[in-house]
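Topology and contacts: notes
This is what each chain is made of:
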Amino acid sequence: MGTAPGVRLRRLLARRRPKLVSLGTTFAVSFAAVAAAVTVLVGILSYNAAARLVRVDQQSVFDEVVQDLRDEVRQHAMTPEDFSSSAPGHDLVRPARTDVQVLGPDGAVVDPGRPGLPVTAADRATATAATAGRMTAHKDVDVGSDVYRIATVSLGSGRGAVQVAQEFSDTEDLLRALQQRTLILMAAVVTAAGLFGWWLARRITHRLVILTSAAEDVARTRQLGVQVPVTGSDEVGRLGRAFDRMLGRLAQSEEDQRRLVQDAGHELRTPLTSLRTNISLLRRIDELPPGTRDDLVADLTQEARELTDLVNELVELAAGQSGTEPPQRVDLGEIAEEVAALARRRTGREVLVRASGDTTTDGRAGMLTRAVSNLVENATKFDRGGEAPVEISVVGPARPGTVRVEVLDRGPGIAECDLTRVFDRFYRAADARSLPGSGLGLSIVREVALSHGGTPFAFRRAGGGAVIGFTVGGRP
């Protein structure tokens, strides 16, 4: 049975997929490569400079010896016996690694060198030359197992010649030994650089490895409550702390989302159950009295409205958490006037606005309008039959950019035990459970206040009623 084309393609891609190279390995190899390049360059330049200096120095010494010999034979009429190594007080100084051989008038060797030097026809011709100081030079002459440079200088008047030779194979051997040592030193430096780069890479990337492991654990387990044990004040430390904060916020966001879904599911069950009950009665609507029919339709309308309001508030709460609305300069006094005008048209209640000070701040107009509107709707709902006006107070600033918004009513007020919980999602006080609403209005107020750097507040109003509001800190 053949293999499917898609499977063959995946296998081919898997075989061609390059292996991942760790950052530590890349760093160590790069460090070793740079060190190797620098070491090789410095080694080559150093060796070439040293070799050149040695060769030039040896050549200079040989040239000086030859030149001194030529000057000597030009100034004095000298014979081969004057340069004999056996004659006391001979006139030629023999430097280290320098050999001297004396030729007679016929070019024959009368005082051999140690070792003996080869004599060519040109050397014999130089020995018979009439001019003193005439020179014949030879380079790279093999003498036994060594290599020499040779200069033959005539004594003049056919009296013979003196051969001066300098061994430079020893110099080349020395330079080869220096070259080998340089190569060994370069290899040692490159190896040490690689080891040091590996150690340094492990030291630098150790915390990055921890971050990578934490990220992989989160991706594998989907558990956001992972502590990232990264320290330090450098860029890696800052990355670790930012990663830790990010995980914390994601975990909090996931928890908020989970709680919102659970609470929303719990709150949706009641109106949905009521709707199912009333819908089941619609099958027998023809059997019901006219009054009961009207009540059933009214209940269905009310339940549909409450369900719609609940869904809208859930959507607005989720949208408020996303913070997609761009911040801008807004005037909370003007927002309060707009909300008051709308509330007057909807409820017929008198809504007063009192603004003082600079009520402008940086914020998201839509979210702030929703928060103020929720406060006013909450006040009119709990003080439905009241005759006293609902008041909106906007005061600013206690400090630059800070504005305080509060809504005052003369309703039944808030019990002491409920003051700390009225801003919780879906929380409804015992005396408010019979009233329409989802329990999300004041929760939205809290979310808006916190997202603008402020806080919500609620307390009992002197003389009866409640004061509920929030502050805006100018940091949307």
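Note that this is a predicted model, so its numbers are computed, not measured.

**Digging into the overall build of the protein chain**
Within the protein chain, the regular secondary structure consists of 9 helices and 12 strands. Taking all 476 residues of the protein chain together, the buried fraction comes to 37%. Residue pairs in contact within the protein chain that sit at least 24 positions apart in sequence constitute 63% of those at least 6 positions apart. Entry remark: accessible area of the protein chain is about 27,700 Å², with carbon and sulfur atoms responsible for 56%.

**Overview of the confidence of the model for the protein chain**
On average, residues of the protein chain carry a pLDDT of 77, and 80% of them reach 70 or more. Low confidence marks residues 432-438, where pLDDT is under 50. Its contacts with residues over four positions away, or in another chain, come to 17 contacts.

**Comments concerning helix α8 (residues 365-382)**
Here α8 is 18 residues long and its end C-alpha atoms lie 26 Å apart, about the 26 Å a rise of 1.5 Å per residue gives. Listed as buried for α8 are Ala 365, Met 367, Leu 368, Ala 371, Val 372, Ser 373, Asn 374, Leu 375, Val 376, Asn 378, Ala 379 and Thr 380.

**Structural notes on the packing of helix α7 (residues 332-347) against α8**
The packing of two helices is summarised by the inter-axis angle and the distance between the axes. In the contact formed by α7 and α8, the axes pass within 9 Å of each other and the chain directions differ by 45°. Regarding the angle of α7 to α8, the classification is oblique. Classified by chirality, the crossing of α8 by α7 is right-handed. Of the residues in α8, those in contact with Leu 332, Ile 335, Ala 336, Val 339, Ala 343, Arg 346 and Thr 347 of α7 are Ala 365, Leu 368, Thr 369, Val 372, Ser 373, Val 376, Glu 377 and Thr 380.

**Considerations on α7**
When the terminal C-alpha atoms of α7 are compared, their 22 Å separation across 16 residues agrees well with the 22 Å that a helix rising 1.5 Å per residue should span. All of the buried residues along α7 are Leu 332, Gly 333, Ile 335, Ala 336, Val 339, Ala 340 and Ala 343. Down the axis of α7, the buried side of the element spans an arc of 150°, and every buried residue falls inside it. Those residues of α7 that are exposed and aimed more than 90 degrees away from the buried face are Glu 334, Glu 338 and Arg 345. Backbone nitrogen of Gly 333 and a side-chain oxygen of the N-cap are separated by 2.9 Å at the start of α7; the cap is Asp 331. One or two residues past the end of α7 sits Gly 348, with phi positive at roughly 75°.

**Some details on the pairing of strand β10 (residues 403-409)**
Counting buried residues along β10, 6 of its 7 residues qualify, which places the element largely inside the surrounding structure. In the sheet, strand β9 (residues 390-395) pairs with β10 via 5 bridges, with the strands oriented antiparallel. Bridge pairing in β10 places Val 394 opposite Val 405. Pairing of β10 with strand β12 (residues 466-472), which is carried by 7 bridges, proceeds in the antiparallel orientation. Across the sheet, the residue bridging to Val 405 is Phe 470, located in β12.

**Observations regarding the sheet that holds β10**
Taken in spatial order, the 5 strands of this open sheet run β7-β9-β10-β12-β11, and their pairing is mixed. Across the chains shown, the open sheet's two edge strands, defined by having one partner strand only, are β7 (351-356) and β11 (456-460). Pairs of neighbouring strands in the sheet enclose a mean axial angle of 15°, with direction left out of account. Running at roughly 175° to β7, α7 makes contact with β7, β9, β10 and β12 of the sheet. Sheet strands touched by α8: β9, β10 and β12. Its angle to β12, the strand with the most contacts, is close to 175°.

**Re the nonpolar core**
Grouped together as the largest cluster of nonpolar side chains are 36 residues, with contacts concentrated most on Leu 332, Leu 368, Ile 392, Ile 468 and Phe 470. Residue assignment for this core shows that the elements contributing at least two residues are α7, α8, β9, β10, α9 (441-451) and β12. Of all the elements, α8 adds the most residues to this core, at 8 residues. Once residues lying within four places of it in the same chain are set aside, the contact partners of Leu 332 are Thr 359, Thr 361, Leu 368, Val 394, Val 403, Val 405 and Val 472. Residues Phe 62, Leu 69, Val 102 and Ala 151 belong to the second largest nonpolar core, which totals 14 residues.

**Digging into the packing of α8 against α9**
At their nearest, the axes of α8 and α9 sit 9 Å apart, and the two run at 145° to each other. The element α8 and its partner α9 pack so that their crossing is left-handed. Judged by residue contacts, Met 367, Leu 368, Arg 370, Ala 371, Asn 374, Leu 375 and Asn 378 of α8 engage Gly 441, Leu 442, Ile 444, Val 445, Val 448 and Ser 451 from α9. Class assignment for the residues of the contact of α8 with α9 results in 8 nonpolar, 4 polar and 1 charged.

**Some remarks on the sheet that holds strand β4 (residues 146-154)**
Spatially, 5 strands are ordered β2-β1-β5-β4-β3 in an open sheet, and the strand pairing comes out antiparallel. Strands with a single pairing partner mark the edges of an open sheet, and in this sheet they are β2 (109-111) and β3 (135-143). When the angles between neighbouring strand axes are averaged without regard to direction, this sheet yields 30°. Sheet analysis places strand β1 (residues 98-103) next to β2, joined by 2 bridges and oriented antiparallel. Paired with Leu 103 across the bridge in β2 is Val 109.

**Looking at the packing of aromatic side chains**
Across all of its chains, the model carries 2 aromatic pairs by this definition. When the ring of Phe 457 is compared with that of Phe 459, the centres are 6.2 Å apart and the planes differ by 20°; the resulting orientation is stacked.

**Focus: the UniProt feature "transmembrane region" (unreviewed entry) in the protein chain**
Mapped onto this structure's residue numbering, the UniProt feature "transmembrane region" (unreviewed entry) falls at residues 20-45 and 183-201. Secondary structure within residues 183-201 divides into 100% helix and 0% strand; the distance between the first and last C-alpha atoms comes to 26 Å.

Conventions and cut-offs
- Residues numbered from 1 in each chain as written.
- Predicted model: local features only at pLDDT ≥ 70, side-chain atom pairs only at ≥ 80, totals over all residues.
- Heavy atoms only, no water.
- Helix = DSSP H or I, 4+ residues; strand = E, 2+ residues; numbered from the N terminus.
- Buried < 20%, exposed > 50% of the residue type's maximum accessible area, 1.4 Å probe, protein only.
- Contact = heavy atoms within 4.5 Å.
- Areas by Shrake-Rupley, 256 points an atom, 1.4 Å probe, with all protein chains shown as cover.
- pLDDT = per-residue confidence, 0-100.
- Expected span 1.5 Å × (residues − 1).
- Axes fitted to C-alpha atoms, helices over the stretch in contact; angles between N-to-C directions.
- Parallel < 35°, antiparallel > 145°, perpendicular 65-115°, else oblique.
- Left-handed = near helix turned anticlockwise from the far one by under 90°.
- Arc of directions from axis to C-beta.
- Polar contact = N/O pair within 3.5 Å; in protein donor to acceptor, adjacent residues only side chain to side chain.
- Pairing = 2+ DSSP bridges.
- Core = buried A, V, L, I, M, F, W, Y, C linked by side-chain atoms within 4.5 Å.
- Nonpolar A, V, L, I, M, F, W, Y, C, P; charged D, E, K, R; others polar.
- Phe/Tyr/Trp six-rings, centres within 6.5 Å; stacked < 30°, edge-to-face > 60°.
- UniProt positions renumbered as here; feature names shortened; annotations may be inferred.

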